[in-house]
2 protein chains.
Amino acid sequence: MKIISSTPKADGFYMPAEFAPHYGCIMIFPERPDSWQFGGYAARKAFVQVAEAVSRSERVTVCASQKQYENARRMLPDNIRVVEMSSNDSWARDYAPTFVTNGGEIRGVNWGFNAWGGLEDGLYFPWDLDNKMARKLCDLYNKDMYDLGNFILEGGSIHVDGEGTCITTEACLLSRGRNPMLTKAEIENYLCEYLNVTKVIWLKNGIYGDETNEHVDNICAFVKPSEVVLAWTDDENDPQYALSKSCLDILTRETDAKGREFTVHKLRCPKPVTITDEECSGLDTMNFQPTRTPGERLAASYVNFYIANGAVVMPFFGDRADEPARELLETLFPEREVIPVYARDILIGGGNIHCITQQIPLFK
Amino acid sequence: MKIISSTPKADGFYMPAEFAPHYGCIMIFPERPDSWQFGGYAARKAFVQVAEAVSRSERVTVCASQKQYENARRMLPDNIRVVEMSSNDSWARDYAPTFVTNGGEIRGVNWGFNAWGGLEDGLYFPWDLDNKMARKLCDLYNKDMYDLGNFILEGGSIHVDGEGTCITTEACLLSRGRNPMLTKAEIENYLCEYLNVTKVIWLKNGIYGDETNEHVDNICAFVKPSEVVLAWTDDENDPQYALSKSCLDILTRETDAKGREFTVHKLRCPKPVTITDEECSGLDTMNFQPTRTPGERLAASYVNFYIANGAVVMPFFGDRADEPARELLETLFPEREVIPVYARDILIGGGNIHCITQQIPLFK
């Protein structure tokens, strides 16, 4: 594994869209008891369901700690590879490499990771093992790597169409906990160089209460070039309404890198999901403080799905909006099977199915 | 990765000779300070030299602990893959899988490992992480596995010619610390079934003082079918003489699985190598006891080489016998480059170059 000192753009590499063909998918087995209720037992079952659903149409590798390796191997089906790799938590989207391709070969990009805000408003400390994962994963797959470890970015904070357009949120990328010394233009320049895009669309916000500083992958996702789904609510009294409406306004007036207008599909959110007393009682404290408060609203959104080669794996919340969301995704992805996974136990950890997966583009 | 409940013999799989083509080689980065003097710094340099020499002609993967991962990545060249994997020590020969092939596909065999003798005369405790490595490595390479975890065997205690013959030592395989409830015939049957050989040649002993209970890979190795090198001394007063002579007598009267007589090349040992006060001072204690005594004789032998696709990587000891040993191996392996590595710092850990490597046969 070589560290490459040029940039993907300079070398003709770009980040393909998630709906482009995959070699496989990376996940991380959940373990930390201040993120996952009751020692992670419920979350692991949900992760296994996601891994199994993805593995029906692409290769899945699950990274597990030394302590959880045996358990992961026992719980996961034979066709899924388990490798030992240490981490602080289980968000493959955010700290597995972002892979770029030149249409044949692939390479990884290592962004810096500081637990969504470092000492400013990060969610845990330390994050050193997470921050090493991109490098270890490039090594595991024998892929060379662009190292941008001094620039803080999570994979969940960007979405691309593979045709020159990136969507992100100001709430996240301009947050004080990431790259406060950089201007918006400088940050945009990093995206253009390392994702090899020519246009960055800046939404203002994401999902209400999303503790990642409102990652784009929880509110808006490409389903094809110039076509997106947007998390939505019709309830104007819900604090989510203004956030989603702002995104809609921006997407309505913007065009993509190729000058096309966007088609925006509203993907209506479930009723607000709040964590219960019982669930909170199953979360260990962190630094002597609880990590969740009973009644706290969780950032539930159906947009947080994963597009596998043959499937769209989407979260269900046991809500009346589950089925309409499934139907919309079935319409938008007619050639893929839409596989719902009951994801409350992932949501409690602070993210959802897209957050716990990272695709590896197909390579030759 | 699937666990296969049949046997290699039943499925037409066999262990190929080490001189047959390889896909690659597995090694483990040394770390434990009661095995490797002065915190492993010198041993790591020697391991890196071995890995680099092997990597000139085949793929090398080095397993490193979470703590040593960065250091391994820094010390090893780019063309060597480093993966995180926990272990108790660094003897890939003994607890990486034994791979078997059907001429196209390969599979792993997992033997039980108990640190060369378990609670009877094992060398450290615990050995749980080592014992899990074969399984983890089969998973890493996406290879199915025969699981013989209840039968204690180390890879260093067997050598095969790939044509039906296995050589081993009674001192090791019949030791009380391994499978004391099995008869010699039962042990032989396991070898026949899982290596798919039809003849097992039982040498009595190995190298004097070899704490593995005298592994065959330190005293005798195939260089081609029906042709072996044997560690030798001409000094009849050396306790090694009787051990080597006994091996020679057995090899002289035995034939291999195909009925061929053996050609035996004497590979003369260096002068006895003993550990110094200074070296012992750099070894941490284990269970409050020193692991070596100043003046203790180490089991130095040139037979403990590794046959890579394009090289024979052999130990040097700074002895007058180094060059004659190199010349003999150059004669016996005319199509391979003989690469010596100064191996005193590996020897102090209790083994040598063959002990720290495990080949993966070429597969399609």
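Source: prediction; values computed, not measured.

**Here we look at the confidence of the model for chain A**
Looking at chain A, the pLDDT average stands at 98 and 100% of residues meet or exceed 70. Across the interfaces of the predicted complex, the ipTM metric reaches 0.92, alongside a pTM of 0.95.

**Structural notes on the relation of the copies chain B and chain A**
For the pair chain B and chain A, the superposition axis carries a translation of 0.0 Å, the fit reaches an RMSD of 0.0 Å, and the rotation angle comes to 180°. With respect to symmetry, the two chain copies, as superposed, fit the operation of a two-fold axis. Across chain B, the rotation axis passes nearest the C-alpha of E84 of chain B, at a separation of 3.1 Å. Same-surface contact between copies: 100% of interface residues of chain B are shared with the interface of chain A.

**With respect to unusual backbone geometry**
Put simply, F125 of chain A and P126 of chain A share a cis peptide bond, and its omega is 0°. For P126 of chain A, the location among the structural elements is in the loop between α5 (118-121) and α6 (128-140). The phi angle at W116 of chain B is positive, at roughly 65°, despite the residue not being glycine. Following the sequence through the fold, W116 of chain B ends up in the loop between β6 (106-112) and α5 (118-121).

**Section: helix α11 (residues 322-332) of chain A**
Residues of α11 of chain A that are buried: D322, A325, L329 and L332 of chain A. Taken down its axis, α11 of chain A places every buried residue within 95° of arc, on the same side.

**Remarks on the environment of R56 of chain B**
All names here are of chain B. Counting through the fold element by element, R56 comes out in the loop between α2 (41-55) and β3 (59-64). Exposure remark for R56: the relative accessible area of 49% places this residue in the partly exposed category. Sequence-wise, R56 and W232 are 176 residues apart; in three dimensions their C-alpha atoms are separated by 30 Å. Filtering out sequence-adjacent residues up to four positions away, R56 remains in contact with E337 and I339. Of note is the side chain of R56, whose polar atom sits 3.2 Å from the side chain of E52.

Here is what the cut-offs are and how they apply
Residues numbered from 1 in each chain as written. Chains lettered and ligands numbered in written order. Predicted model: local features only at pLDDT ≥ 70, side-chain atom pairs only at ≥ 80, totals over all residues. Heavy atoms only, no water. pLDDT = per-residue confidence, 0-100. Least-squares fit on C-alpha atoms with pLDDT ≥ 70 in both. Contact = heavy atoms within 4.5 Å. Helix = DSSP H or I, 4+ residues; strand = E, 2+ residues; numbered from the N terminus. Buried < 20%, exposed > 50% of the residue type's maximum accessible area, 1.4 Å probe, protein only. Arc of directions from axis to C-beta. Polar contact = N/O pair within 3.5 Å; in protein donor to acceptor, adjacent residues only side chain to side chain.

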